[in-house]
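The lines below spell out each chain.
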Amino acid sequence: MTNLKNLEGTGHETYPYICASCGNCTMVCPTFRLLRWESYGPRGRLQITKEILEGDRKLDDEYVRKLYLCNLCEHCSQVCTTSLRLDRFWELTRAAVWDEGMAPTPVKYTCKSVVDHGDPFFMGSASRMVWSEGLDIDIEERVRVPAKTAYFLGCNTALKPRLHGIAQSMIKILEYAGVDYTILGEKEVCCGAPLIWGGDRKSAPKLVEKNLNLLRELGVERIIFSCPSCIQHWPITFQEAAGAPIKREFEHKTASQFIRDLNSRKMLKFEYQPNITVTYQDPCISARRLNIVSEPREVIERIPGVYNIDMLHSKSDTRCCGAHGLLNVADPLVSSQISEMRLRDISVMPASRVITECPRCVQALDLATQTINYKVQVQDITELVASSLKDKEGSHSE
Ligand code: SF4
Ligand code: SF4
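Conventions used here
- Sequence order as written defines residue numbering, which begins from 1 separately in each chain.
- Here chains are named by letter from A upward and ligands by number from 1 upward, in the order in which they appear as written.
- For this predicted model, a pLDDT threshold of at least 70 governs which residues receive local features, and a threshold of 80 or more governs which side-chain atom pairs are given and counted, while totals over whole chains, interfaces and linings are taken from all residues.
- Each helix is a run of H or I in the DSSP string that is no shorter than four residues. Each strand is a run of E no shorter than two, and both are numbered from the N terminus.
- Axis lines are fitted through C-alpha atoms, for helices just across the contact stretch, and the angle between N-to-C directions can take any value from 0 to 180 degrees.
- For this classification, under 35 degrees means roughly parallel, over 145 means roughly antiparallel, 65 to 115 means roughly perpendicular, and everything else is oblique.
- The contact criterion used here is simple: two residues whose C-beta atoms, placed from the backbone, lie within 7 Å are in contact.
- All amino acids are sorted into three groups, where Ala, Val, Leu, Ile, Met, Phe, Trp, Tyr, Cys and Pro are nonpolar, Asp, Glu, Lys and Arg are charged, and the leftover types, Gly among them, are polar.
- By this definition, two strands are paired if DSSP reports at least two bridges between them.
- Here, nearness is defined through the C-beta atom: a residue counts as near a molecule or strand if that backbone-placed atom lies within 6 Å of it.
- Note on terminology: a nonpolar core is any set of buried Ala, Val, Leu, Ile, Met, Phe, Trp, Tyr and Cys residues joined through C-beta atoms within 7 Å.
- Buried means a residue has 20 or more other C-beta atoms within 10 Å of its own C-beta, exposed means 12 or fewer, and partly exposed covers the counts in between; C-beta atoms are placed from the backbone.
- Domain limits in this description derive from either an automatic procedure or a database domain assignment.

Peer 1: Kindly report on unusual backbone geometry, identifying the contributing residues and their values.
Peer 2: The phi angle at Ser 83 is positive, at roughly 55 degrees, despite the residue not being glycine. Among the structural elements, Ser 83 can be located in the loop between α6 (75-79) and α7 (86-99). Phi angles above zero are rare outside glycine, and Lys 315 is one such case at about 55 degrees. Inspection of the secondary structure assignment puts Lys 315 in the loop between β6 (306-308) and α17 (327-330).

Peer 1: Which residues make up the packing of helix α18 (residues 332-347) against helix α19 (residues 359-371), and what values go with them?
Peer 2: Relative to each other, α18 and α19 sit at 85 degrees, their axes nearing to 8 Å. Judged by the inter-axis angle, α18 sits roughly perpendicular to α19. Contact with α18, carried on its side by Ser 336, Ser 339, Glu 340, Arg 342 and Leu 343, involves Ala 364, Leu 365, Leu 367, Ala 368, Thr 369 and Thr 371 of α19 and no other residues of that element. Split by residue class, the contact of α18 with α19 holds 5 nonpolar, 4 polar and 2 charged.

Peer 1: Tell me about the sheet that holds strand β5 (residues 276-280), and please be specific about residues and values.
Peer 2: Read from one edge to the other, the open sheet built from 4 strands follows the order β6-β5-β7-β8, with strand pairing classed as parallel. Looking at the sheet topology across the chains shown, the edges are occupied by β6 and β8 (377-380). With direction set aside, neighbouring strand axes in the sheet form an average angle of 35 degrees. Examined bridge by bridge, β5 and β6 share 3 bridges and lie parallel to one another. By the bridge assignment, Thr 277 is partnered in β6 with Tyr 307. Each of β7 (353-356) and β8 touches α19; the most contacted strand, β8, lies at about 175 degrees to it.

Peer 1: Tell me about the site of ligand 1, and name the residues and values.
Peer 2: Around ligand 1 sit 15 residues in total, of which Cys 29, Pro 42, Cys 70, Cys 73 and Cys 76 are the nearest. Secondary-structure elements contributing two or more residues to the shell around ligand 1 are α3 (30-35), α6 and α7. Sorting elements by how many residues they give to the shell around ligand 1 places α7 first, with 3 residues. Across the shell around ligand 1, the residue classes break down as 10 nonpolar, 3 polar and 2 charged.

Peer 1: An account of the site of ligand 2 is requested, with residue identities and associated values reported.
Peer 2: In the vicinity of ligand 2 there are 16 residues, among which Cys 19, Cys 22, Asn 24, Cys 25 and Cys 80 approach most closely. Here the element with the most residues in the shell around ligand 2 is helix α4 (residues 42-53); it accounts for 3 residues.

Peer 1: With reference to specific residues and values, describe the nonpolar core.
Peer 2: If you look at the biggest cluster of nonpolar residues, it comprises 113 residues, and the most contacted ones within it are Ala 150, Tyr 151, Phe 152, Met 170, Cys 230 and Leu 365. In terms of residue count, α7 provides more of this core than any other element does, 8 residues in total. When residues no more than four places from it in sequence are discounted, the contact partners of Cys 230 are Phe 152, Gly 154, Cys 191, Ala 193 and Phe 225.

Peer 1: Can you explain helix α14 (residues 255-264)? Please cite residues and give values.
Peer 2: Among the residues of α14, those classed as buried are Ala 255, Ser 256, Gln 257, Phe 258, Ile 259 and Arg 260. Tucked inside the fold, the buried residues of α14 contact α10 (164-177), β3 (222-225), β4 (251-254), α16 (294-302) and α20 (381-386). Where α14 ends, the next residue or the one after it, Lys 266, has phi of about 60 degrees, a positive value.

Peer 1: Give me the domain arrangement of the protein chain: which residues, what numbers.
Peer 2: Domain boundaries assigned for the protein chain yield domain 1 (5-99), domain 2 (105-261) and domain 3 (269-386). Relative placement of domain 2 and domain 3: their C-alpha centres are 22 Å apart. Contact with domain 2, which involves 30 residues of that partner, is made by 27 residues of domain 3. Residue assignment for the side of domain 2 that touches domain 3 shows that the elements contributing at least two residues are α8 (105-117), α9 (155-159), α10, α11 (193-198), α13 (228-242) and α14. Its residues assigned to classes, the side of domain 2 that touches domain 3 shows 13 nonpolar, 13 polar and 4 charged.

Next comes the structure, spelled out in structure tokens:
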């Protein structure tokens, strides 16, 4: 019996024995690249986990700190010689640590907020519609009305002022294209991803169920997401709660998938932009888990006058923005230093804007522009598209 007893029986406790110790994972790990210490990287952490599982080492705060100094960016899984799903291993190990009551205090508070308030920021339902202030359409008419398409904002987009432009842009796109859509308004709750990242896996299905029940009542068939993590976690969480693989109940689309489809069906038309060169930041989950790399590039290419130049580390080899997996909660300094490393990749590109489709990437990279004083505009693809729409009479629409 070890202090990671709840990891036993998950099928993942064998990982440390399968590892070939090649070091591929260590070389790509942002935490290792920043801190340069083997035990902070995945290979080292895997070996320490093995010692704990074998009873040769105690589960202590130092190990827990290292376990949560991880973006869950999946880069280690992407390059693993023995095909280990390491990000999943870290999540399940965090769950075992959570069950021992040893998760870092800020992580515990964040998870408590998700359970008690429905979001990670202690804000609650009263703040869920603040993002819509200033919109020149009557958004109340769209709240929980029956429709086949739903727009799921996610906590960051709905609640962080820097990101409200993403939600407003998506509403503008939906209205422009004449899509019949609904939003959950103040009844939308967190997708549950922070609970999975923090280790409180058992609380996540209740949140998923709350959102799903509302969507079912409205007759929704397709959900548009502003955050790739919401897409990733709904099916996983739900499947775990059901105890077996389940059929996807709804069609899930990222912003770029949805926008590309609308444009292909001539429901969105773009105005020429005056020679804007951008570089696209692939969010880790979009690129490595959802395999969505061509759609955002196609959308950018379809806007006349906008050109994308890929960074050296892009698509499935993308580098994390630093704000995934609750690292920004567990250690904000390490998180922001990883964001700065990614901004340095961007800074060598001849681009005046970095475009992405993840609210956490926008927030983290934007903050890094201030901490390293490098001027580049950070935009979600939804914002780029909304500001490039041709108005219906043919002149530029703002
Ligand atoms: S998920 Fe990312 S941050 Fe975490 S160990 Fe793997 S490469 Fe490092
Ligand atoms: S890449 Fe895979 S096999 Fe190689 S050290 Fe990392 S975990 Fe072990």
